[in-house]
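Each chain is listed here by its residues.
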Amino acid sequence: MTTRDHMMRAALYDRFGGPEVLYVGEAPRPEPRPGEALVRVRAVSVNGGEAFVRSGKYRVLTGRRFPKRVGLDLVGEVAALGTGTTGLGVGDRVWGVLGLTSGFGSAAEYVAVPADRLGRVPDGLDPVLAAALPIGTTAITALRDKARLRPGESLLVRGAAGGVGHAAVQLGRAHGAEVTGLARAANLDFVRELGADHAVDHRAVAPRDLGRFDVVLDTVGTELATYRGLLTPGGRMVTIALDHRRPATTLTAIAASAVHGRGRVRFFSGDPRRPLLDDLARHVAEGTLRPMVDTVFPLAEIAAAHQALADGGVRGKYVVRVD
């Protein structure tokens, strides 16, 4: 039997739909299993993947059991440790991203997370600012490991003002690349402030007029064949997104790229473990990656935070303060 002493506040929804289905209710507070840490969550960010799951587009995979939860990344403190958990201590300030198989649920007062999915937050970094950064691990993997970006190469970032994109612009600059960022007109100054050599309004310039690039990082998931055609000989393209209106079309384009044409499109979904989170912390400590928070929402306004992302135009990340 669950008592009120073992309950917590959490962002929930009882049916598929738009941001308006979200509300803050009560859920059982988890207990850490062996190898897990119980984290008292301070802040989370809003991610696009949550919206597609919440809408029901992937109900075949997620099932119809309600209530469901939202929240993919987190920043907080270790409140308790499961048996056999090593590498962390109670009170440690941590950040991380929930695993692909465990689903969402970090937008809550507490969450139990495998310890190897947590890293230590850099000293002195405010939790709200820190919450803008865990998704930056995706940009690290994309540019360093998948594309193997080298100094002096040209990099095109689609969605340069968004969560992964704004990190990729900064990291591309740190790699010594010539960075071109695509964004809407209102965000071009922001993209330049991140360090982009060129900021281009994606609605005003046709892809064919952008030139050629050694690396293309796509955070949108559409027109993959078109942007793949911009690669130089030996160029590499990485995408972290599917066109959620036609996901099969995106997967077909990725598969076809391995067979013919210029450059294979590499697709992956971020799933960081502690070493990658430690790399993220080093970038922050070195000043090559800065957290950029657009707007901070309290947990009670989780629906408004999701609506803001749906409306578009984010600069960095929307962050939800849980405490």
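Conventions adopted
Residues numbered from 1 in each chain as written. Predicted model: local features only at pLDDT ≥ 70, side-chain atom pairs only at ≥ 80, totals over all residues. Heavy atoms only, no water. Core = buried A, V, L, I, M, F, W, Y, C linked by side-chain atoms within 4.5 Å. Buried < 20%, exposed > 50% of the residue type's maximum accessible area, 1.4 Å probe, protein only. Helix = DSSP H or I, 4+ residues; strand = E, 2+ residues; numbered from the N terminus. Salt bridge = Lys/Arg side-chain N within 4 Å of Asp/Glu carboxyl O. Pairing = 2+ DSSP bridges. Lys, Arg positive; Asp, Glu negative; His and termini not counted. Polar contact = N/O pair within 3.5 Å; in protein donor to acceptor, adjacent residues only side chain to side chain. Contact = heavy atoms within 4.5 Å. Arc of directions from axis to C-beta. pLDDT = per-residue confidence, 0-100. Phe/Tyr/Trp six-rings, centres within 6.5 Å; stacked < 30°, edge-to-face > 60°.

**A few points about the nonpolar core**
In terms of nonpolar packing, the biggest core is built from 45 residues, with W95 and L155 touching the most fellow members. Contributions of two or more residues to this core are made by helix 3 (127-130), helix 4 (136-146), strand 9 (154-158), helix 5 (163-174), strand 10 (178-183), helix 6 (188-193), strand 12 (213-218) and helix 9 (274-286). Listed in part, the 33 residues of the second largest apolar core include Y13, L72, I302 and A305.

**So, unusual backbone geometry**
A cis geometry characterises the amide bond from F66 onward to P67, with omega recorded as 0°. Mapping P67 onto the fold places it in the loop between helix 2 (59-62) and strand 4 (68-69). Notably, R148 is not glycine yet its phi reads approximately 50°, a positive angle. Relative to the elements of secondary structure, R148 occurs in the loop between helix 4 and strand 9. Since its relative accessible area comes to 57%, R148 is described here as exposed. For E223, which is not glycine, the phi dihedral falls at a positive 50°. Turning to its location among the elements, E223 is positioned in the loop between strand 12 and helix 7 (224-228). On the basis of relative accessible area, E223 is assigned to the partly exposed category, the value being 46%.

**Quick notes on the pattern of salt bridges**
Counted under the stated rule, the structure contains 16 salt bridges. Of the charged contacts in the structure, one is a salt bridge between E109 and R9, with a shortest N-O distance of 3.4 Å. Note that E109 is positioned in the loop between strand 6 (93-97) and strand 7 (110-114) and R9 in strand 1 (residues 7-13), a separation of 100 residues in sequence. A salt bridge links R120 to D92, with the shortest nitrogen-to-oxygen separation between them at 3.1 Å. With R120 in strand 8 (residues 118-120) and D92 in the loop between strand 5 (73-81) and strand 6, this residue pair connects regions lying 28 residues apart in the sequence. One network of salt bridges, with partners in common, ties together R144, D145, D279 and R282.

**A few points about the sheet that holds strand 1**
Two strands in a sheet stick together by hydrogen bonds in their backbones, pointing the same way (parallel) or opposite ways (antiparallel). On the basis of which strands lie adjacent, the open sheet formed by 3 strands has the order 2-1-4 and antiparallel pairing. One side of each edge strand has no neighbouring strand; the edge strands of this open sheet are strand 2 (23-28) and strand 4. Sheet analysis places strand 1 next to strand 2, joined by 6 bridges and oriented antiparallel. Among the inter-strand pairings, A10 is bridged to a residue of strand 2, identified as G25.

**Some words on the side chain of D214**
Secondary-structure assignment places D214 in strand 12. As a buried residue without a salt bridge, D214 has its nearest oppositely charged side chain in R236, at a separation of 5.4 Å. Polar contacts involving the side chain of D214 include one to the main-chain amide nitrogen of S154, which spans 2.8 Å. Sequence-distant contacts of D214, defined by excluding residues within four places in its chain, comprise E153, S154, L231, T232, G235 and R236.

**A few points about helix 1 (residues 48-55)**
Those residues of helix 1 lying buried are E50, V53 and R54. On an axial view of helix 1, the arc spanned by its buried residues comes to 100°, and they lie on one face. Looking at the buried positions of helix 1, the neighbouring elements they touch are strand 1, strand 3 (36-45), helix 2 and helix 10 (302-311). G56, located one to two residues past helix 1, shows a positive phi value of around 95°.

**Overview of the environment of R29**
As for its placement among the helices and strands, R29 is situated in the loop between strand 2 and strand 3. Sequence spacing of R29 and Y110 is 81 residues, and the spatial spacing of their C-alpha atoms is 6.5 Å. Residues contacting R29, with those up to four places away along its chain left out, are D5, H6, M7, M8 and Y110.

**Focus on the side chain of S154**
Locating S154 in the fold gives a position in strand 9. You can call S154 buried: its relative accessible area is 14%. Residues in contact with S154, not counting those within four places in the same chain, are E178, R212, F213, D214 and V215.

**With respect to the environment of A160**
One can find A160 in the loop between strand 9 and helix 5. Sequence separation between A160 and Q170 is 10 residues, and the spatial gap between their C-alpha atoms is 9.8 Å. Those residues in contact with A160 that lie beyond four places of it in its chain are G165, H166, V169, G181, L182, V191 and L194.

**Section: the confidence of the model for the protein**
The predicted model of the protein averages 90 in pLDDT, with 89% of residues at 70 or higher. Segment residues 250-261 is flagged for pLDDT under 50; beyond a separation of four residues in sequence, or across chains, it makes 18 contacts in the model.

**Some points on the packing of aromatic side chains**
The geometry of an aromatic ring pair is captured by the separation of the ring centres together with the interplanar angle, meaning the angle of the planes. For the structure on display, the rule yields 3 aromatic pairs. Ring geometry for F16 and F66: centres 5.1 Å apart, planes at 70°, overall edge-to-face. Of this pair, F16 sits in the loop between strand 1 and strand 2 while F66 sits in the loop between helix 2 and strand 4, and the two are 50 residues apart along the sequence. On the basis of relative accessibility, which here comes to 15%, the residue F16 falls in the buried class. Between the aromatic rings of F297 and Y318, the centroid separation amounts to 6.0 Å while the plane-to-plane angle is 70°, which identifies the pairing as edge-to-face. Taken together, the residues F297 in strand 15 (residues 293-298) and Y318 in strand 16 (residues 317-321) connect sequence positions 21 residues apart. Both residues of the pair, F297 and Y318, belong to the buried class. A network of ring pairs unites the aromatic residues Y13, F16 and F66 as a single cluster.

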